[in-house]
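Examining the three-dimensional arrangement
One-letter residues, chain by chain:
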Amino acid sequence: MFIPFEELPKSSKIWIYQSERKLSDEEVQEADIVLKKFVESWAAHSTPLQASYTIKYNRFIVLAVNQENHPASGCSIDASVRVIQELEQKFKVDLLDKMNVTYKTGEFIAHKSLIDFKKMAKEKAVNGNTIVFNNLVNTIEEFDEFWEVPASESWHSRFF
């Protein structure tokens, strides 16, 4: 059951998938159609989930479920991953690799492997003030407050 993202409780569980490249506006429109159709019928053990999604910066797909209404199950989470895999194939992007770092350089968003980011930190090409995307946040509340943060305030701080 689709609920607008902004209307879900702040305690709703989220999953963030990042692309290594910016999706075109056309790809975002296609993803929007696929995700809306999926979320409208997303269920756990035949019970519709109050769920939503948002696409940020043409690069991040955020799925959300109101777990207070009915929690996502292993099978329902697997179904969401299958939809993400379909989008990966359709757009020839990687959305499931968690061993990458996405960060801001001015208004530009950069994407590096974890190894490259560590190297950049050592070379002082990025620092604790670099704005990073902390995709480990678990709820909409955390997403709103702690998703785009200085590296010194996220798990990335271990590299400085």
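Residues numbered from 1 in each chain as written. Predicted model: local features only at pLDDT ≥ 70, side-chain atom pairs only at ≥ 80, totals over all residues. Heavy atoms only, no water.

1. Considering the nonpolar core
Applicable threshold: Take the buried Ala, Val, Leu, Ile, Met, Phe, Trp, Tyr and Cys residues and link them wherever side-chain atoms come within 4.5 Å; each set so joined is a nonpolar core. Exposure classes here rest on a 1.4 Å probe applied to the protein chains alone. A residue is buried below 20% of its type maximum, exposed above 50%, and partly exposed in between. Labels follow the DSSP assignment, with helices taken as runs of H or I lasting at least four residues and strands as runs of E lasting at least two, numbered in each case from the N terminus. Two residues form a contact once any of their heavy atoms are found within 4.5 Å.
Leu 35, Trp 42, Ile 61 and Leu 63 are the most contacted members of the largest nonpolar core, which totals 25 residues. Mapped by element, the contributors of at least two residues to this core are β1 (13-18), α1 (25-41), β4 (51-56), β5 (60-65) and α2 (74-91). Among all residues touching Leu 35, those that are not within four sequence positions of it are Tyr 53, Ile 55, Ile 61, Leu 63, Val 83 and Leu 87. The next biggest cluster of nonpolar side chains, apart from the first, holds 14 residues, and it includes Ile 3, Ile 14, Val 137 and Trp 147.

2. Here's the deal with the side chain of Asn 100
Definition in use: Any pair of nitrogen or oxygen atoms within 3.5 Å is treated as a polar contact; in protein, a donor-acceptor pairing is required on top of that, and neighbouring residues in sequence qualify only through side-chain atoms on both sides.
Inspection of the secondary structure assignment puts Asn 100 in strand β6 (residues 100-105). A distance of 3.3 Å separates a polar atom in the side chain of Asn 100 from a polar atom in the side chain of Asp 97. Sequence-distant contacts of Asn 100, that is, excluding residues within four places in its chain, are made with Gln 18, His 111, Lys 112, Ser 113 and Leu 114.

3. Observations concerning the pairing of β5
For clarity, the threshold we go by: In short, DSSP must find at least two bridges between two strands for them to pair.
Where burial is concerned, most of β5 is hidden: 6 out of the 6 residues are buried. Burial along β5 is two-sided: Phe 60, Val 62 and Ala 64 and Ile 61, Leu 63 and Val 65, pointing in opposite directions, are all buried. Here 6 bridges tie β1 to β5, and the two strands are oriented antiparallel to one another. Directly across from Ile 16, in β5, lies its bridge partner Val 62. Note that β4 and β5 share 6 bridges and pair antiparallel. Note on β5: the bridge partner recorded for Lys 56 is Phe 60. As consecutive antiparallel partners, β4 and β5 are separated by 3 residues, and within that stretch Tyr 57 has a phi angle of approximately 55°, a positive value.

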